[in-house]
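Commentary on secondary and tertiary structure
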Amino acid sequence: MVEPANTVGIPLNHTALLKDELDIVIPTIRNLDFLEMWRPFLQPYHLIIVQDGDPSKTINVPEGFDYELYNRNDINRILGPKASCISFKDSACRCFGYMVSKKKYIFTIDDDCFVAKDPSGKAVNALEQHIKNLLCPSSPLFFNTLYDPYREGADFVRGYPFSLREGVSTAVSHGLWLNIPDYDAPTQLVKPKERNTRYVDAVMTIPKGTLFPMCGMNLAFDRDLIGPAMYFGLMGDGQPIGRYDDMWAGWCVKVICDHLGLGVKTGLPYIYHSKASNPFVNLKKEYKGIFWQEDIIPFFQSAKLSKEAVTVQQCYIELSKMVKEKLSAIDPYFDKLADAMVTWIEAWDELNPATKA
Amino acid sequence: MSLDEINKNEVDIVIGALNADLIPFLNTWRPFFSGFHLIIVKDPDLKEELNIPQGFDVDIYSKTDIEKVVGASNSTMFSGYSCRYFGYLVSKKKYIVSIDDDCVPAKDPKGFLVDAVSQHVSNLENPATPLFFNTLYDPYREGADFVRGYPFSLRSGVPCAASCGLWLNLADLDAPTQALKTEQRNTSYVDAVMTVPLKAMLPVSGINIAFNRELIGPALVPALRIAGEGRVRWETLEDVWCGMCLKHISDHLGYGVKTGLPYVWRNERGDAVESLRKKWEGMKLMEKSVPFFDSLKLPESAVTVADCVVELAKAVKEQLGSDDPAFTQAADAMVKWVQLWSSVNSSG
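Residues numbered from 1 in each chain as written. Chains lettered and ligands numbered in written order. Predicted model: local features only at pLDDT ≥ 70, side-chain atom pairs only at ≥ 80, totals over all residues. Heavy atoms only, no water.

Operational definition: UniProt positions are given in the numbering used here, feature names are shortened, and annotations may be inferred rather than shown by experiment.
Named according to an unreviewed UniProt entry, chain B is UDP-arabinopyranose mutase originating from Eruca vesicaria subsp. sativa. What UniProt records for chain B under Catalytic activity (unreviewed entry) is the sentence "UDP-beta-L-arabinofuranose = UDP-beta-L-arabinopyranose". What the UniProt record of chain B gives under Function (unreviewed entry) is the line "Probable UDP-L-arabinose mutase involved in the biosynthesis of cell wall non-cellulosic polysaccharides."

Identification of chain A as UDP-arabinopyranose mutase from Eruca vesicaria subsp. sativa is taken from an unreviewed UniProt entry. For the record of chain A, the UniProt heading Function (unreviewed entry) holds the text "Probable UDP-L-arabinose mutase involved in the biosynthesis of cell wall non-cellulosic polysaccharides." According to the UniProt record, the Sequence similarities (unreviewed entry) comment for chain A reads "Belongs to the RGP family."

Structural data, given as structure tokens:
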């Protein structure tokens, strides 16, 4: 049995790292009461709240948090016709928050994620760990059997080439979840009671050339390095698929990171995931994805970006062309998605002129 | 997987004896080694007689035995840490578990002694998943599974060829690192087993390793000897080279290599600073090896492990031979090794 941490009494983190360089993006349709528990760790940071669903509803934000909030009306107003690339009635809308942010780093978390405890019982400051992950190099070109070599108490093992020990810049830090694990609907249906109680005390770099399922529940990234690739696709209302937003972003991100020589880490920090979504609802959302991913994965595994693609935007546009060319045959959805990928980049560049190629 | 479930008849525990007195070593491992057949191979250069405690089902091989099987000229292939490969050669079992003689059972965070043998065999018996990374690590472990987004067609996995374990206390760091951080000890028990992805290279350590001999046996090659190779791990690279070959061949044949649990507790031996005084040959050789393995493509026609080793040896000779004589010697040793394997195991 695993429990969330009790954070009452933990002093506010006044030396919060990267306080002015990081935005926390939270998608929500209900309320942000969960932030109360995160207060000691997150209050120093600026929040970007992306309100999905009914824009006339008021989202309750706990006192003392500094935030900007965008509902669907705001998204439509800011992006105009380009707002079509932002999903509606799906947490994929969170990527709008990445786009409007002016900071270097993003931490995104779901509103049913609480503070976890490490094996000693101590509350885990997930954001602090993400920041450490992002500020330390990654090692995608050679696997270190003692995991993150830059961690306190660890190092490169015998045989690890010295020329590779400087590592590369870390673009993404992918955290994990105790309690309700991120299973797909079929697995949830077969194992409704399974809980993740195993705290694996490691951070590691996912090797170059290897794809992984990126979960958006507990994720941080360097917006300057990889931001434009973090498009969470077309999901939810009016779309044939759901619960593949973060997956889609993760596959695009990994291909581009591998191409540009950036690193993706996974492992710590853990958060405590409290809510299990309805597996029957999930099954309906994921259904097509389960079949489609059998073709999507080989597509990404063999995707080769050109030498000329040197910025994230260029890589992403190339990828969108490949999606149109190779995946449209599976379903017209991919044609729409490829267009949306281009719209996303156009919108990103419009809102972020300084980072344009 | 509990001890009861392992068929002990399928496992050989192979120990390379670089120390003559194996009594403390074998006694501490007794709870986990008993019931298994042991093969102890004495380093041919070790002069003293081995001291083995009673109560083990063990076959001991020394220099004369090695020479009887492979001939006197080939016995140098099995000196030092490479003596354990002779055990791999003559074993008749499906699985091999091999642990250095300066390691004892580790304790897990709950204080229980870790049954490294059981964990290794469990790793080998369960599929590996090299084609897609599972963020919850080993999906076949109790309490874990494949995560959302993991393709269903890849969930049956592939056969596991090797299981690379880790070390608490004295981790397998190289001499410069350990010399710089003399007090550093590994106290982090990472409770995970994972498959090293396809095409990812890793430094395999011979200190705590197990493999499926039937599947991949000849790929564990005793080949690369650095100049002035010594009797402490800081002065060797044979296992790292072996691991690069093993991983490449596994990738080519569609097998998996796991890393993580089990841990063993590695004791102090030797002096990193002393080892540093010797020219660190290994560093240069590794630098050359990495781009070689990174770009290497074995031909489609290489479908057996032996074929793969031979092709690999050819490529080593062609592409690395001129860089350093150690590579040419390694290539020759690999070819010789395959011949020996074939002749020793020809009767089945």
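Back to the write-up after that little detour.
Examining the overall build of chain A
Cut-off, in case you're wondering: Each helix is a run of DSSP H or I of at least 4 residues and each strand a run of E of at least 2, with the numbering of both proceeding from the N terminus. The atom set for the radius of gyration is the C-alpha atoms, and the globule formula is 2.2 Å times the number of residues raised to the power 0.38. Buried means the residue's accessible area, taken with a 1.4 Å probe over protein chains only, is under 20% of the maximum for its type, while exposed means over 50%, and partly exposed covers the values in between. Working rule for contacts: check all heavy atoms of both residues, and any pair within 4.5 Å makes them a contact. Here the Shrake-Rupley method, with its probe set to 1.4 Å, supplies the accessible areas, and only the displayed protein chains count as covering residues. Neither His nor the chain termini are counted; the positive set is Lys and Arg, and the negative set is Asp and Glu. By convention, charge coordinates are those of NZ in Lys, CZ in Arg, CG in Asp, or CD in Glu.
Tallying secondary structure elements over chain A gives 10 helices and nine strands in all. Since a compact globule built from 357 residues should have a radius of gyration of about 21 Å, the 20 Å found for chain A is in line with a globular shape. Across the 357 residues that make up chain A, the buried fraction comes to 62%. Excluding contacts between residues fewer than 6 apart, the proportion of contacts in chain A whose partners are at least 24 apart in sequence is 76%. Accessible surface for chain A amounts to roughly 13,500 Å². Of this, 54% is attributable to carbon and sulfur atoms. Across chain A, the 38 positively charged side chains and the 44 negatively charged ones have centroids separated by 2 Å.

Observations regarding the state of the cysteines
All names here are of chain A. Note the following rule: The disulfide criterion is simple: two cysteine sulfur atoms within 2.5 Å.
Per the stated rule, a full pass over the model turns up zero disulfides over all chains. The structure places no disulfide on Cys95, whose sulfur is separated from the nearest cysteine sulfur, that of Cys85, by 6.7 Å. The class of Cys95 is buried, set by a relative accessible area of 1%.

Some words on helix H7 (residues 245–260) of chain A
All names here are of chain A. Rules: Under the convention used throughout, the expected extent of a helix is 1.5 Å for every residue step, that is, one less than its residue count.
Relative to the 22 Å expected for 16 residues at 1.5 Å per residue, H7 spans 22 Å between its end C-alpha atoms, a close match to the ideal helical length. Among the 16 residues of H7, 14 are classified as buried, and the element is accordingly described as predominantly covered. Positive phi appears at Gly261, one or two residues downstream of H7, with a value of about 75°.

Here we look at the UniProt feature "glycosylation site" (unreviewed entry) in chain A
In the numbering adopted here, UniProt assigns the feature "glycosylation site" (unreviewed entry) to Arg158 of chain A. By the element assignment, Arg158 of chain A lies in the loop between helix H4 (126–135) and strand S6 (170–179). Every residue in contact with Arg158 of chain A, bar those within four places of it in the chain, is listed here: Asp172, Leu173, Asp174, Pro203, Ser205, Arg233, Trp234, Thr236, Leu237, Asp239 and Val240 of chain B.

Focus: the UniProt feature "site: Required for activity" (unreviewed entry) in chain B
Put simply, the test is: Nitrogen and oxygen atoms within 3.5 Å of one another constitute a polar contact, given that in protein one can donate a hydrogen and the other can accept it, and given that sequence-neighbouring residues count only through two side-chain atoms.
In the UniProt entry, the feature "site: Required for activity" (unreviewed entry) is given for Arg148 and Arg155 of chain B. For Arg148 of chain B, the contacting residues outside a window of four places in its chain are Asp182, Tyr183, Asp184, Pro213, Cys215, Arg243, Asp246, Met247 and Glu286 of chain A. What Arg155 of chain B contacts, discounting residues up to four positions off in sequence, is Asp184 and Thr187 of chain A together with Tyr140, Phe146, Val147 and Tyr150 of chain B. Side-chain polar atoms of Arg155 of chain B contact the side chain of Asp184 of chain A, separated by 2.6 Å.

Some remarks on the UniProt feature "site: Required for activity" (unreviewed entry) in chain A
Within this numbering scheme, the UniProt entry marks Arg158 and Arg165 of chain A as carrying the feature "site: Required for activity" (unreviewed entry). You can call Arg158 of chain A buried: its relative accessible area is 2%. Mapped onto the elements, Arg165 of chain A comes out in the loop between H4 and S6. Ignoring sequence-local partners within four residues, the contact set of Arg165 of chain A consists of Tyr150, Phe156, Val157 and Tyr160 of chain A together with Asp174 and Thr177 of chain B. In terms of polar contacts, Arg165 of chain A uses its side chain to reach the backbone carbonyl oxygen of Tyr160 of chain A, at 2.7 Å.

Structural notes on the environment of Lys336 of chain B
Residue and element names in this part refer to chain B. Checked against the element boundaries, Lys336 lands in helix H11 (residues 325–344). With 115 residues separating them along the chain, Lys336 and Val221 place their C-alpha atoms 9.8 Å apart. In this view, Lys336 contacts Asn74 and Met77; residues no more than four positions away in its chain are not counted.

Focus: the pairing of strand S8 (residues 208–212) of chain B
Residues and elements named next belong to chain B. Threshold: Here, strands pair whenever DSSP counts at least two bridges between them.
The buried fraction of S8 amounts to five of the five residues, a majority that puts the element mostly inside the structure. What you see with S8 is no split at all: Asn208, Ala210 and Asn212 on one side and Ile209 and Phe211 on the other are buried throughout. Here strand S6 (residues 160–169) runs beside S8; their pairing, made up of three bridges, is antiparallel. Counted as the bridge partner of Ser163 is Ala210 from S8.

Looking at the layout of surface pockets
This is how the line gets drawn: Two kinds of site are reported from a 1 Å grid over the protein atoms alone, namely cavities, where a 1.4 Å probe fits but cannot get out, and pockets, open sets with protein on both sides within 12 Å along at least five of seven lines, and residues are called lining when an atom falls within 4 Å of a point. Grid points are joined across faces, edges and corners, and a volume is the space filled by probe spheres set on the points.
Estimates place the volume of the second largest pocket at around 1,200 Å³. Taken together, 37 residues make up the lining of the second largest pocket; nearest its centre are Lys208 and Gly209 of chain A together with Leu198, Lys199 and Asp294 of chain B. If you list the elements that add at least two residues to the lining of the second largest pocket, you get H7 and helix H8 (279–302) of chain A together with helix H7 (238–253) and helix H9 (281–295) of chain B.

Regarding the interface of chain B and chain A
Convention followed: Summed over both partners, the accessible area (1.4 Å probe) lost when two parts come together is defined as the buried area. A side-chain nitrogen of Lys or Arg and a carboxyl oxygen of Asp or Glu constitute a salt bridge if their distance falls within 4 Å.
Between chain B and chain A, the residue contacts involve 58 residues of the former and 57 residues of the latter. Buried surface at the junction of chain B and chain A, summed over both partners, amounts to about 4,800 Å²; 59% is from carbon and sulfur atoms. Sorting the residues of chain B by area buried against chain A places Phe133, Arg148 and Pro203 of chain B first, and these three jointly supply 17% of that buried surface. For the interface between chain B and chain A, the tally reads nine salt bridges. Among the salt bridges present, the one from Arg158 of chain A reaches Asp239 of chain B, with a minimum N-O distance of 2.6 Å. One can count 24 residue pairs in polar contact (both at pLDDT 80 or more) joining chain B with chain A. Where the side of chain B that touches chain A is concerned, the elements lending two or more residues are S6, helix H5 (175–180), H7, strand S9 (256–266) and H9 of chain B.

Some remarks on the confidence of the model for chain B
Any segment with low pLDDT has predicted coordinates that should not be analysed in fine detail. Quick reminder of the rule: One number per residue, pLDDT, summarises how confident the predictor is, and it ranges from 0 to 100.
Residues with a pLDDT of 70 or more make up 97% of chain B, whose mean pLDDT is 93. Scoring of the predicted complex yields 0.95 for pTM and 0.95 for ipTM.

Some remarks on the UniProt feature "glycosylation site" (unreviewed entry) in chain B
Using the residue numbers shown here, the UniProt feature "glycosylation site" (unreviewed entry) corresponds to Arg148 of chain B. Structurally, Arg148 of chain B is set in the loop between helix H4 (116–125) and S6. In terms of polar contacts, Arg148 of chain B uses its side chain to reach the backbone carbonyl oxygen of Arg243 of chain A, at 2.9 Å.

Some thoughts on empty space enclosed by the protein
Under the convention used in this document: Throughout this entry, Asp, Glu, Lys and Arg are counted as charged residues, while Ala, Val, Leu, Ile, Met, Phe, Trp, Tyr, Cys and Pro are counted as nonpolar. The remaining residues, Gly among them, count as polar.
Tallied over the full model, the rule gives 11 cavities of 30 Å³ or more. Volume-wise, the largest cavity comes out at about 100 Å³. As for the largest cavity, its lining consists of 14 residues, and the residues nearest its centre are Arg198 and Val200 of chain A together with Leu136, Tyr137 and Ala144 of chain B. Residues of the lining of the largest cavity, tallied by class, amount to eight nonpolar, two polar and four charged. Its volume calculated, the second largest cavity comes out at about 80 Å³. Met235, Ile241, Tyr244, Trp248, Trp251, Gly289, Trp292, Ile296, Tyr333, Phe334 and Leu337 of chain A together form the lining of the second largest cavity. Within the residue set of the lining of the second largest cavity, elements represented by two or more residues are H7, H8 and helix H10 (332–351) of chain A. Each residue belonging to the lining of the second largest cavity can be placed in one class, and the counts come to 10 nonpolar, one polar and no charged.

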